[in-house]
Amino acid sequence: MDIKVGIPRALLYYNFYPAWKVFFNELGAKVILSQKTNKKIVDDGVLNTVDEACLPVKVFFGHVINLKDRGVDYIFVPRIVSVEKRRYLCAKFLGLPDLIRASIRDIPPIIDMEIDLYRGYNRNVDREIDRVGMIFTKDMRKIRKAKEAAIIAQNNYEKHLKSGLIPREAIRIMEGAKVVKAPDSGLLKIGLLGHNYNIMDEYINMDIIKKINDFGGTVITADMLKESDIEYGASCYPKDMFWTYGREMLGAGRYMLDSGIVDGVVIVTAFGCGPDSLIKEMVEKEYKRRNTIPILSLTIDEHTGEAGIITRLEAFMDLLRWKEVV
Ligand code: SF4
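Residues numbered from 1 in each chain as written. Predicted model: local features only at pLDDT ≥ 70, side-chain atom pairs only at ≥ 80, totals over all residues. Heavy atoms only, no water.

Peer 1: Can you lay out the site of the ligand for me, pointing to particular residues and giving the numbers?
Peer 2: Surrounding the ligand, one finds Cys54, Pro56, Cys90, Lys92, Phe93, His195, Tyr197 and Cys273. At a threshold of 2 Å from the grid points, most atoms of the ligand map onto the largest cavity. In terms of residue class, the shell around the ligand is made up of six nonpolar, one polar and one charged. Both domains that furnish three or more residues to the shell around the ligand are identified here as domain 1 (4–173) and domain 2 (183–325). (Near = heavy atom within 4 Å. 1 Å grid on protein atoms, 1.4 Å probe; cavity = no way out; pocket = protein on both sides within 12 Å on 5 of 7 lines; lining within 4 Å. Sits in = over half its atoms within 2 Å of the grid points. Nonpolar A, V, L, I, M, F, W, Y, C, P; charged D, E, K, R; others polar. Domains from an automatic or database assignment.)

Peer 1: Kindly report on the environment of Lys211, identifying the contributing residues and their values.
Peer 2: Its place among the elements puts Lys211 in helix α9 (residues 208–214). Note on Lys211: relative accessible area 10%, which makes it buried. For Lys211 and Thr221, which are ten residues apart along the polypeptide, the C-alpha to C-alpha distance reads 15 Å. Apart from the residues within four sequence positions on either side, Lys211 is in contact with Met206, Glu306, Ile309, Ile310 and Leu313. Among the polar contacts listed, one links the side chain of Lys211 to the backbone oxygen of Met206, at a separation of 2.6 Å. (Helix = DSSP H or I, 4+ residues; strand = E, 2+ residues; numbered from the N terminus. Buried < 20%, exposed > 50% of the residue type's maximum accessible area, 1.4 Å probe, protein only. Contact = heavy atoms within 4.5 Å. Polar contact = N/O pair within 3.5 Å; in protein donor to acceptor, adjacent residues only side chain to side chain.)

Peer 1: So what about the domain arrangement of the protein chain? Which residues, and what values?
Peer 2: Examined at the domain level, the protein chain breaks down into domain 1 (4–173) and domain 2 (183–325). The straight-line distance from the C-alpha centre of domain 1 to that of domain 2 is 26 Å. Counting residues at the interface gives 32 residues for domain 1, matched by 30 residues for domain 2. Carbon and sulfur atoms supply 59% of the area that domain 1 and domain 2 bury against each other, a total of about 2,600 Å² over both sides. When the buried surface of domain 1 facing domain 2 is broken down by residue, Leu55, Arg87 and Lys162 rank first, second and third, together holding 24% of it. (Buried area = accessible area lost by both parts, 1.4 Å probe.)

Peer 1: Which residues make up the pattern of salt bridges, and what values go with them?
Peer 2: Where charged atoms of side chains with opposite charge meet at close range, the side chains can pair. Counted according to the given criterion, the structure contains 27 salt bridges. For the salt bridge of Arg79 with Asp112, the shortest nitrogen-to-oxygen distance reads 3.8 Å. Of the two residues, Arg79 is situated in strand β4 (residues 79–82) and Asp112 in the loop between β5 (110–111) and β6 (114–116); the sequence distance between them amounts to 33 residues. On the basis of relative accessible area, Arg79 is assigned to the buried category, the value being 16%. Taking the relative accessible area as the measure of exposure, Asp112 reaches 18% and is therefore buried. Glu286 serves as the salt-bridge partner of Arg289, at 2.9 Å between the closest nitrogen and oxygen. On the criterion of helical spacing, the pair formed by Arg289 and Glu286 is a turn pair, its members being three residues apart in helix α12 (residues 274–290). (Salt bridge = Lys/Arg side-chain N within 4 Å of Asp/Glu carboxyl O.)

Peer 1: Go over the sheet that holds β5, please, and point to the residues and values.
Peer 2: Pairing within the open sheet is parallel, and its four strands lie in the order β2-β1-β3-β5. Sheet topology places β2 (30–33) and β5 at the edges, where each strand pairs with a single neighbour. Looking at chain direction, strand β3 (residues 74–76) and β5 are connected through two bridges and run parallel. Paired with Ile75 across the bridge in β5 is Ile110. Running over the sheet, helix α3 (residues 55–68) touches β1 (4–7), β2 and β3 and is turned about 155° from β3. (Pairing = 2+ DSSP bridges. Axes fitted to C-alpha atoms, helices over the stretch in contact; angles between N-to-C directions.)

Peer 1: Help me get a handle on the nonpolar core, residues and values and all.
Peer 2: Residues Leu12, Phe23, Phe24, Ile100, Leu192, Ile208 and Val266 are the most contacted members of the largest nonpolar core, which totals 85 residues. Inspection of this core shows a minimum of three residues originating in each of domain 1 (4–173) and domain 2 (183–325). The contact partners of Leu192, leaving out residues within four places of it in the chain, are Ile199, Ile208, Ile209, Ile212, Val219, Ile220, Thr221, Ala222, Val266 and Val268. Residues Ile220, Leu250, Ala252 and Ile267 belong to the second largest nonpolar core, which totals 22 residues. (Core = buried A, V, L, I, M, F, W, Y, C linked by side-chain atoms within 4.5 Å.)

Peer 1: For the sheet that holds strand β8 (residues 217–221), give the residues involved together with the corresponding values.
Peer 2: Taken in spatial order, the four strands of this open sheet run β8-β7-β9-β10, and their pairing is parallel. Both outer strands of the open sheet, β8 and β10 (295–300), are each paired with one neighbouring strand and no more. Sheet twist, expressed as the average angle between the axes of neighbouring strands with direction ignored, equals 25°. Relative to β8, strand β7 (residues 188–193) is paired through five bridges, and the arrangement is parallel. Within β8, the residue paired with Leu188 across the bridge is Gly217.

Below, the structure written as structure tokens:
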């Protein structure tokens, strides 16, 4: 019988799921994904974390509990230190496996693979992948093959994102589904800034992408921009931002402002997020100083109501349309 590995549909799932899935599948394991975020998942997450935790971490806890209840053999909770050279992720990612073990009772064993690319891809990274691979097989060739397949899957996934797909569309395509993008000519272009776990989780953000589409807009995210565009935007600031995804948000925001590829920008941040409050300030300040492209800032938490988001988005889209005709 296949070993079942649960992967929480939260946090960096939106960035790395295809690689993780292929890696475990190649090792002979079956991947079970937690259900889409729903009220119970959010409530369970809130109940099992401290009040001070940010919303995405609370939601992640809820997804772990969802998997625990589905009889998986392991739950994958990587300890993600860094995903690129000389930059870090926010400290919350480092302690995640320990926090989960300390807070949720009777959970299956956690696979706490450390992902640390701060010094680039090196032998320590390989050793860590091998350590996890050996949970499933002692055949080192099989582990190497799984690793290579995961890298290929990740590269393909990122190509789909660069082509203008959002994560759920790219994941569906990689799983063999046919996804047809609606033509977007004549729509307002909205730069949507935020961590993928905030802007792509339809439940916690009240399906903001669909709402923007319904109001006549099409979204452009940081994932869809070229690396060089983000680099350009980030380099406009005097100091290098050391958080990978904060820098991405900052760089994308500045590139969108300078290039004028969007009609307006919506920035989504989570309540309780220290890094985001700083990034949001920096992005907003520049937009307001230049006063050329309108920006709407939305903060989400577990109590966010749909009516508030609809009202603010609708008014924002009306403003953009009005701006187009004057
Ligand atoms: S960057 Fe912010 S939202 Fe993301 S895990 Fe850290 S504190 Fe939470």
